[in-house]
Each structure stands twice: as structure tokens, then as C-alpha cells.
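Fold and contact review
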Amino acid sequence: MTRDVQSNNIIEVNDLVKKFGNFIAINKLNLTVKRGEIFGFLGPNGAGKTTTVRVLSTLTNFDSGEIYVDGCNLLKNPLEAKIRMGVIQQHISLDKDLTVKENMIQHAMYHKIPASERLKKITELSSYVGLEEYMDRMVDSLSGGWKKRVAIVCALIHEPKILFLDEPTVGLDIQARRLLWDLIRKLNFDGTTIFLTTHYIEEAEALCDRVGIINHGKLIALGTPPELCSKIGSTAVEYYGPNGKTAYRYFSKRTDANDFAGTIPDGTTVTIRNTNLEDCFVELTGETVGGM
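The structure reproduced in this document is the subject of the present report. Values in this document were obtained by computation on a predicted structure and should not be read as measured data.

With that settled, the discussion passes to helix H8 (residues 225-232). Regarding H8, the residues found buried are Pro225, Leu228, Cys229 and Ile232. When H8 is viewed along its axis, its buried side chains cluster within an angular range of 100° and face the same direction. Those residues of H8 that are exposed and aimed more than 90 degrees away from the buried face are Pro226 and Lys231. The elements touched by buried residues of H8 are strand E9 (210-215), strand E10 (218-223), strand E12 (246-251) and helix H10 (277-285). Following H8 by one or two positions, Gly233 adopts a phi angle in the positive range, close to 125°.

Now the structure itself:
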């Protein structure tokens, strides 16, 4: 039921298949997540991102394949695997009729944390994420960013090894999003592995050690952001012509990019820059970021 928990991989996924009727949402997915990393999972809408997170976090069953979380077989021992993880879904599952502190107590009781330890853990975690001033406020009175922080405390109350964050910054303003980025970095620095799905490409580029790109249920690319960018070329030529459309060409050498830019007709706006993760995503999936 378990593998060597000293393995460098905290998650191992082998030939994972998930179907909804005749639709294959996850198609023989093979994936590893390393201990201590922030792992980003990208894909267009309907690509299988959220379904994968729901399967890995035991919220949805699967049809075939093998999953190990911290050495624990997810199919044979899901309860043991679940102890090792914290989950924050797109839609925050907090009780709006309770205060911040009462929500935390409720989650501590759910995880069977002894009464003698609950308040100590809640106090430590609340201070860690900066929630001390909000403990007696009703959850429904908080902004989206502060609700996310409450959800993070609830997910961390049982000290999981890995935290799943499914599009955690959707709907947040720029300031709240950046503050949450800092908290994610802090959690990771202090030893928590992060599995992050996002449709903000710049979020993955800013936070993630490695990124996997899924499309039509299949993993189509995996690597560090620089490694993924190198797949299409490290230098991009972006040019906007009289036809009203922006075109892109990618080159492995800056000199080749400069030579190509020299062939573009006068009157065309041309930019030569480093390739970014958004370029890679669009080229590999055929989707624009706005279509995610």
C-alpha cells in the first residue's frame, strides 16, 4: 500500500484514466511532483486540470492507473493518503454563518485534532498568515483575499505534506493576488509542497519551479519555465502589420531573430524579446490565454 516515503517524489501518477461516460477527461496521465517544489499545472478550459486535482485529492474517483501520495496508494488507502494533503478548491468551502475562528475550530475537529492542541495550532497559523485581527469576524464579511487566507489555515490545520491550490487567485484584485503569492512562497519555503493550477500564465512563471501543461487530458509538456520556453526558441520576434494581426516567430539564437526582423517590411512594429511561458503555452496548445 505504501512506497518508500524517502523518495524524492511526493506524488507519482502512472497511466491515470478518468472518464465521464464516453468522454475521456484524463488520458493515461503520467506525472511526478517533487518534494518541496511549487508545481504548476496549466491547460485550456476543459483540458483536465481541475479533474486531475479532484482525483489526486480523493474528491473524485478514477477508472484506472496508479497514484501514490507521499508513498501511500490512493486507491487502496485513500484515508491515509488524505491525511497527507490539504486542498483549497476554486469555490471556497467555508461556513458563512460562522466566524473565522469557529471555521478553523470546525476543521480542526474534522481532522480529529485533540481539544488541547486546537487553539494553539489555530493561534500559530492565524499569526502566520496575518489573520489575528479577523478571528471574531463572520467569514462572509471578508474580502476574497482574506477568505483565501482563512481557507489556507483550515487546509493546513492538520499539517499536510502537500497543499493543492486550484486556481487560488481567481477573482482577486492585483494587490490581493500578489499578497497571496507571497504567502504561497512562504508556505513553500517552510517546507510545504505546492500543487498549483492556474489560468494566469504570469502566476505560474513567477511562482513555479516546474510546470506541466495538459491538453485534451494528456500531458503535452513538463519542465521548468526556461526549459519549456526553450522548446519553441529562447528569442521571440513579435510584429504587428497593416493587416491588424500580431504574428510571432521564435528562434534559438538572438542573431537569427535579428536577421529575421530585418526582413520585415518598413512600417511594421517589431519587438524582439525573450520567449515567455505564455508563448510556450499558446504554441503547444494552440489556445490563447484568454481562451483558458
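Past the structure itself, the notes keep going.
Here we take up the state of the cysteines. Counted according to the given criterion, the structure contains zero disulfides. With no disulfide partner, Cys280 has as its closest neighbouring cysteine sulfur the one in Cys229, 5.8 Å distant. On the basis of relative accessibility, which here comes to 0%, the residue Cys280 falls in the buried class.

With that out of the way, let us pick up the sheet that holds E12. With antiparallel pairing, the three strands of this open sheet are ordered in space as E12-E11-E13. Lying at the two open borders of the sheet, with one neighbouring strand each, are E12 and strand E13 (269-274). Neighbouring strand axes in the sheet, compared pairwise and without regard to direction, differ in orientation by 20° on average. By the bridge criterion, six bridges tie strand E11 (residues 235-240) to E12 in an arrangement that is antiparallel. Counted as the bridge partner of Tyr239 is Ala247 from E12. With respect to the sheet, H10 is in contact with E11, E12 and E13, its orientation differing from that of E12 by roughly 100°.

What counts as what
Residues numbered from 1 in each chain as written. Predicted model: local features only at pLDDT ≥ 70, side-chain atom pairs only at ≥ 80, totals over all residues. Heavy atoms only, no water. Buried < 20%, exposed > 50% of the residue type's maximum accessible area, 1.4 Å probe, protein only. Helix = DSSP H or I, 4+ residues; strand = E, 2+ residues; numbered from the N terminus. Arc of directions from axis to C-beta. Contact = heavy atoms within 4.5 Å. Disulfide = S-S within 2.5 Å. Pairing = 2+ DSSP bridges. Axes fitted to C-alpha atoms, helices over the stretch in contact; angles between N-to-C directions.

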